[in-house]
Amino acid sequence: MAKKSKLQIVTANHLLEGHSVFLSDAGWTPEHWRARVALGAEQATDLEAAGRSDEDANLVVGVYLVDVELDASGDPQPTHYREKLRVRARPSFWPDEPSPMRLAPSARFSAEVSHVSL
Amino acid sequence: MPLIKDGRFTSDKWLRPAPDATLPWYGRLLLPLDRLLAEGPALDEAGHMLGVEIPNNVALETVEPWLRRLHLIAIAFPKAADGRGFTLAQRLRRLGYKGELRASGHVIPDQYALAISCGFDTVDISDALAERQPEAHWRNAQHAMTITYQTGSGNLRSILAARWAAKA
Amino acid sequence: MYRYDDFDYRFVRERVSQFRGQVERRLTGALNEEEFKPLRLMNGLYLQLHAYMLRVAIPYGTLSSRQMRQLAQIAEVYDRGYGHFTTRQNIQYNWPKLKDVPDILDMLADVEMHAIQTSGNCIRNVTADPYGGVAADEIADPRPTAELLRQWSSNHPEFSFLPRKFKVAVTGARADRAVIKFHDIGLRLFENASGQRGYEVWAGGGLGRTPMIAIKMRDFVPEAELLRYVEAIMRVYNAEGRRDNKYKARIKILVHEQGGEQFRALVEEEFYRIAGDEAAPVEKELRRIESFFQPPAHPDLPEDSHALAGAMLRHPEFARWARVNTRAHKAAGHVIAVISLKPTGGAPGDATADEMRSMADAADAFSLGELRVSAEQNIVLPYVRKDELFALWQALDAAGLGIANAEMISDVVACPGLDYCALATARSIPIAQEITERFAEPSLQEKIGPIRIKISGCINACGHHHVGDIGILGLEKTGAEAYQITLGGDPSETAAIGERSGPGFPADGVVDAIERLIHFYLGRRSDGETFKQTYHRLGHDLMKEALYAAH
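Residues numbered from 1 in each chain as written. Chains lettered and ligands numbered in written order. Predicted model: local features only at pLDDT ≥ 70, side-chain atom pairs only at ≥ 80, totals over all residues. Heavy atoms only, no water.

Trainee: Please clarify how the interface of chain C and chain B should be interpreted in this entry.
Mentor: By a widely used convention, the size of an interface equals the accessible area lost when the partners come together. With 47 residues of chain C at the contact, the number on the chain B side is 37 residues. Each partner contributes to the roughly 3800 Å² buried at the junction of chain C and chain B, and carbon and sulfur atoms together form 55% of this total. Area buried by chain C at its contact with chain B is led by C:Phe7, C:Pro157 and C:Phe161, which between them contribute 19% of it. Across the contact surface, chain C and chain B share eight salt bridges. Residue C:Glu285 pairs with B:Arg163 through a salt bridge whose shortest N-O separation is 2.6 Å. Inspection of the region where chain C meets chain B yields 25 residue pairs in polar contact (both at pLDDT 80 or more). (Contact = heavy atoms within 4.5 Å. Buried area = accessible area lost by both parts, 1.4 Å probe. Salt bridge = Lys/Arg side-chain N within 4 Å of Asp/Glu carboxyl O. Polar contact = N/O pair within 3.5 Å; in protein donor to acceptor, adjacent residues only side chain to side chain.)

Dropping the structure here:
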């Protein structure tokens, strides 16, 4: 029986700002559901190489592949709990929306994060 | 292969003779360690100036007998993060070695001042490295910190010495 | 506390400038990531799961109210309004941007602070007894020694590219609150029979994947020879420490592989090779540094305070806090007060900018403007008068900082874990939160008595789980988080590494297991026994069974 091909996306951190980003067809985005999905080893290698060339271009740092499965909308979602935490982009015990509850208002913190294009 | 001395790229006057090449009748010969041990006495007799390339984990006893006769010791830096060369340099200086000490390999400008403080005179890097990190980077890095806490630190001013001079 | 002179100040300013240049060269690619990484680590900057993390040094855990306010300001301007105090007496910011870090470092330099060498393969923050200078059982204040070592190790030309990180701790009291036996170098400052000041030197201790208790290197190194001896240890380590395997690169592995005898001999040999003429400035410098640590001129007070006694009678909640959160002080009529950063349901060791300012205010009003950070991720006020303790508690309580649980079961130590850390294998904070909720009831906590629960989110053991009475280690097992429990650890002078109890528990079962163990202990303990005492009396096997008993 043929082994089912793995689905993967590529992630890294934005070099200047530090937040997690994912490689999509429109460049690096914090929105993981837009990430380009690689099916099987060969596509994964290519995708990772594309990521690394942006690492060499000093846009991002710490490129690696993440295993995913497709959700009901056909969007990639990580399968491992570590990467699920990563895409959440905040500690697990924070509420889903950014809340001022425990946090003093910050002049510099914005819910928007910038896109880095190729 | 630029040689960095006093914050400037200079040319290297030392020759790394190929194993079977004819040697000039007189020269500055930079030899790998095993060749120094094998042919060193003869070459020294013949009047050559001798230098040796050593790994950063060399056993000191191997080199110690040569310290008074060597004019150059080049210590390999396989990776910038491997700091054994700094200790080796210190140990060679403490043993009384007075010749040129060279850091050879993957050394970045940010390590230049540290290397000098440990007793190095020169740094030898690849062309590829020099292209990414040109002379200006080395010159600037050398003077990024003008002050240091440790005593006996090459040409940097020690805070301890400055403090006690100020009080005197 | 220590005040920078012109030289110290110039050093940190130049260092910030240097880092600014390094960031610029990283962005142009002049420095690649492999070259930049050790440089950014040596300025305290990590890359974590969601963002960069900046670890700011709080040397030997001592800081002024002014510095605490600046930390609050940095949290607000450059981060998300809070910081985390760590098990090595530092503070961490979880959301800085690389482009802002040089500006943050400048703000730190403004108040004589920095993030130098809080990470990287170099000598890290030298930690010390948080009760240094004020503990009732103190022999000598360890902080001048820590300050001397901090300066000596800053940007050390020979020891900035070690095989691995290097951690030093100093204690000067009978009880060891600095965990010296689990450090790469641990120093116990004391006076020998001839009245000479010097150090008992320990080396090769550590936690992490392979916890080891340090070996004693020397019974006594005179003060004047300390730096020479430390230099000898560092040189042997830098030359001989393993570089082939990151997980076998700490000095504890070298000591273990060489054997204590051999390692000591190597160090002694190196020690004698180092010229003795460097000794003179050391003693002079130590005396100069000590002048900053003279005990403040405390008013002559009686040991007992009628005001305190009265307040305790009238206010039971305050009485509890006074019982639980204070420690004996060497000056009559004073106490050491612990501000717990372990509220029910909170992330251990975190403080918002407002909370930091409240603590700074409390320090100004009640503690001569000084605070300490403990290895339990709490804040300490070192100079509180008993007469003023009630007023202090009222101020803390109003700021939400009055929880009475210092060294109690809900005073949980936890690393940030997988919620923040890229190295983690499991989350630690939610487990800590659940423990504080399960055991929130104050009289239950006092009934249980002092107990150390420590949680690490991976085998690197930054939560110090090996030395908890109950240690919890978060791992991954078949695609889910699993928590292993160790029992019987001890970070103090009676150092012990906790023993594994058995298979791990799932996230929704680990706190139940601990609750079973606690109830077993309460049922079986002799009068007045602490958990630790009951554990030693009954033994590991009996205690661990309680964890797994059918429920």
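Trainee: Just to check I follow, could you spell out the environment of C:Thr326 for this structure?
Mentor: All names here are of chain C. With respect to the secondary-structure elements, threonine 326 resides in strand S11 (residues 326-328). Taking the C-alpha atoms as reference points, threonine 326 and phenylalanine 11, separated by 315 residues in sequence, lie 38 Å from one another. Excluding residues within four positions of it along the chain, threonine 326 makes contact with Trp321, Val335, Ile336 and Leu389. Of the polar contacts made by the side chain of threonine 326, one reaches the backbone oxygen of alanine 322; its length is 2.6 Å. (Helix = DSSP H or I, 4+ residues; strand = E, 2+ residues; numbered from the N terminus.)

Trainee: Sorry, what's going on with the sheet that holds strand S5 (residues 91-93) of chain C here?
Mentor: Strands in a sheet are paired, the pairing made by backbone hydrogen bonds, and the direction either parallel or antiparallel. Residues and elements named next belong to chain C. Strand order in the open sheet made by the five strands is S1-S2-S5-S4-S13, with antiparallel pairing throughout. Bordering the open sheet on either side are strand S1 (45-47) and strand S13 (350-352), each of which pairs with just one other strand. Neighbour to neighbour, the strand axes of the sheet diverge by 30° on average, direction disregarded. The pairing of strand S4 (residues 82-85) with S5 spans two bridges and is classified as antiparallel. (Pairing = 2+ DSSP bridges. Axes fitted to C-alpha atoms, helices over the stretch in contact; angles between N-to-C directions.)

Trainee: Explain the interface of chain C and chain A here, please?
Mentor: On the chain A side, the residues contacting the 43 residues of chain C number 30 residues. For the pair chain C and chain A, the two sides together bury roughly 3100 Å², of which 55% comes from carbon and sulfur. Per-residue buried area on chain C facing chain A is highest for C:Leu49, C:His50 and C:Arg80; these three make up 21% of the total on that side. In this assembly, chain C and chain A are joined by two salt bridges. Salt-bridge contacts for A:Glu17 lead to C:Lys99; the nearest nitrogen and oxygen are separated by 2.8 Å. Inspection of the region where chain C meets chain A yields 13 residue pairs in polar contact (both at pLDDT 80 or more).

Trainee: Can you walk me through the state of the cysteines in this structure?
Mentor: What we call a disulfide is simply a covalent bond connecting the sulfur atoms of a pair of cysteines. Evaluation of the coordinates by the stated rule reveals zero disulfides over all chains. Cysteine B:Cys118 is unpaired, with the sulfur of C:Cys122 as its nearest cysteine sulfur at 14 Å. In this model C:Cys415 remains outside any disulfide bridge; the closest cysteine sulfur is found in C:Cys462, 6.2 Å from its own. Taking the relative accessible area as the measure of exposure, C:Cys415 reaches 9% and is therefore buried. (Disulfide = S-S within 2.5 Å. Buried < 20%, exposed > 50% of the residue type's maximum accessible area, 1.4 Å probe, protein only.)

Trainee: How do you make sense of the environment of C:Gln70 when you look at a structure like this?
Mentor: Residue and element names in this part refer to chain C. Secondary-structure assignment places glutamine 70 in helix H3 (residues 65-78). Given the relative accessible area of 15%, glutamine 70 is considered buried. Sequence spacing of glutamine 70 and valine 111 is 41 residues, and the spatial spacing of their C-alpha atoms is 7.4 Å. Aside from chain neighbours lying at most four places away, what touches glutamine 70 is Met107, Asp110 and Val111. Side-chain polar atoms of glutamine 70 contact the backbone oxygen of methionine 107, separated by 2.9 Å.

Trainee: Help me understand the nonpolar core in this model?
Mentor: It is characteristic of soluble globular proteins that their nonpolar side chains tend to be buried jointly. With 106 residues, the main nonpolar core has B:Ile54, B:Ile73, B:Ile75, B:Leu92, C:Met68, C:Leu71 and C:Leu392 as its most contacted residues. Residues lining this core come from more than one domain, with at least three contributed by each of domain 1 (6-110) and domain 3 (306-398) of chain C. With residues near it in sequence (within four places) discarded, B:Ile75 still touches B:Ile54, B:Asn56, B:Gly85, B:Leu88, B:Ala89, B:Leu92, B:Leu101, B:Arg102, B:Ala103, B:Ser104 and B:Phe120. Counting 54 residues, the second-largest nonpolar core is a separate cluster that includes C:Ala146, C:Leu226, C:Ala232 and C:Val282. (Core = buried A, V, L, I, M, F, W, Y, C linked by side-chain atoms within 4.5 Å. Domains from an automatic or database assignment.)

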